[in-house]
Amino acid sequence: MPHTKRRRLVTTALAVSLGATALAACGSGDGTEAESGPVSLTYWTWTPGMDKVVDLWNEGPGKKDRITVTVKKQASGDTLITKILTAHKAKKAPDLVQAEYQALPTLVSNDALADISDEVDDVKDKFAEGVWQQTTLGTDAVYAVPQDIGPMMFYYREDLFKRYGLKVPTTWEQFAETARRLKEKAPDKDLTTFSAGDSGLFAGLAQQAGAKWWTASGGKWKVGIDDAATRKVADFWGGLVKEGVIDNQPMYTPSWNKALNTGKQIAWVSAVWAPGTLTTAAPDTKGKWAMAPLPQWSADQDVTGSWGGSSTAVTTDSAHKETAAKFAAWLNTDHDALNALAKEGGIYPASTSAQLSGAFSNPPAYFSNQADFYTKAAGIAKTTAPSAWGPNVNVAYTSFKDAFGPAAKNKSDFTAALRKVQDDTVADMEKQGFEVAR
């Protein structure tokens, strides 16, 4: 299939429009292949210890069916996406790739991923609806099998909340009041910080508020990064920063680590993987933190955003689509495989059945004081809001850092920064040849 800009436009629009199935014809396999001999598959992934997980396949079901999978370790993020697209242009992409959810539209719009809906439909019910939707792009097609997820949660110093008479906020309004109350009682402390370098965190907060940053209809894209839901989120956090009741410094710095470790910051809006970060960032506070659901925009809501997560996809260059899809389904639904992924790769599985068993039967060591940690996490994960990603997430994320960095530092208008992200994203899409509705 020719890789023209017009083709990319039509392909992507179909990928995101409800009910689209046209991309199924783009794959190199037809979903009815019958392997008559040994099959060798290659899998590009960045997950630590994946080779040990794949050994379970090669020594078990793979050996029985004479299907061998070879792991090729790769860098993650945009580096891997670029490498996949480069290989695909030469029709030499691997059979399987690990892809973050927000990267799927880019890969689909370049005809790099096969529709494996026929091959994996029987595992759909093993995942929360909002999680499965991220691999369908809102269509009847399926472009990957969910692997790990990052449902967002609220972490707080239980001991310090008690010391200062603070209640765990269940709404964002209460969150703001908690930040103000803490500042009144302990002026040298902050509830948390707004980190302008973390685009994924802001995207997850916007997702929880109901934002849909990219949608497509009638062959045109609509970019809604500055939609009402996202403006609400930007105004909220910008207001807290300007008021001075939360910090405005970036996360993952020595200064931030010290703030958490010494109790200068006593809460963190993060995701299910936070215990691993806290273990190294704030080692002296082990056993003093607790986790709760993310605050809601209204008391009657029960929804969370997502920060992080990836999937296993089959490329259109694979000559063994059916077999590759079979492995992808096994990797992300088999009990032993998921336990190994948790142990070797430290992932939180997308499969709902794995979130309360095996490696997740007991709380993380850092949260040994909260026995129901993973029970709560599994319940929160089920409330993950649907996402709406587009073909140039990387551009939007870079623009976010460039625009919100100065805004946070100077305590200036976050809404203006948001408009800059919107404009940059639209300009890049039009430059690439996508038709964007104004």
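- The name given to the protein chain in an unreviewed UniProt entry is Sugar ABC transporter substrate-binding protein, with Streptomyces corchorusii as the source organism.

Observations regarding the environment of Gly 210
Inference 1: Within the fold, Gly 210 resides in the loop between α10 (199-208) and β5 (214-217).
Inference 2: For Gly 210, a relative accessible area of 45% puts it in the partly exposed group.
Inference 3: When the C-alpha positions of Gly 210 and Asp 227 are compared, they lie 9.5 Å apart, and in sequence the two are 17 residues distant.

Side note on the pairing of strand β8 (residues 289-293)
Inference 1: Burial analysis of β8 places four of its five residues in the buried class, the great majority of the element.
Inference 2: Of the pairings in the sheet, the one linking strand β4 (residues 145-157) to β8 comprises five bridges and is antiparallel in character. Within the sheet, the bridge partner assigned to Tyr 155 lies in β8 and is Met 291.

Some remarks on unusual backbone geometry
Inference 1: Look at Asp 111: it is not a glycine, yet its phi comes out positive at around 60°.
Inference 2: With respect to the helices and strands, the residue Asp 111 is situated in the loop between α5 (104-109) and α6 (117-120).
Inference 3: For Lys 411, which is not glycine, the phi dihedral falls at a positive 55°.
Inference 4: Relative to the helices and strands, Lys 411 resides in the loop between α17 (393-410) and α18 (414-432).

Examining the pattern of salt bridges
Opposite charge on two side chains permits pairing when their charged atoms draw close.
Inference 1: Enumeration according to the criterion identifies 11 salt bridges in this entry.
Inference 2: A salt bridge links Asp 190 to Lys 183; the nearest nitrogen and oxygen atoms lie 2.8 Å apart. As far as burial versus exposure is concerned, Asp 190 and Lys 183 are alike and both buried.
Inference 3: In this structure, Lys 420 engages Asp 424 in a salt bridge whose closest nitrogen and oxygen atoms are separated by 2.7 Å. Residue Lys 420 and its partner Asp 424 are both found in helix α18; the two are separated by four residues, about one turn of the helix.
Inference 4: According to the relative accessible area criterion, Lys 420 is partly exposed, its value standing at 44%.
Inference 5: Overlapping salt bridges bring together Glu 177, Arg 180 and Glu 243 as one network.

The rules we used
Residues numbered from 1 in each chain as written. Predicted model: local features only at pLDDT ≥ 70, side-chain atom pairs only at ≥ 80, totals over all residues. Heavy atoms only, no water. Helix = DSSP H or I, 4+ residues; strand = E, 2+ residues; numbered from the N terminus. Buried < 20%, exposed > 50% of the residue type's maximum accessible area, 1.4 Å probe, protein only. Pairing = 2+ DSSP bridges. Salt bridge = Lys/Arg side-chain N within 4 Å of Asp/Glu carboxyl O.

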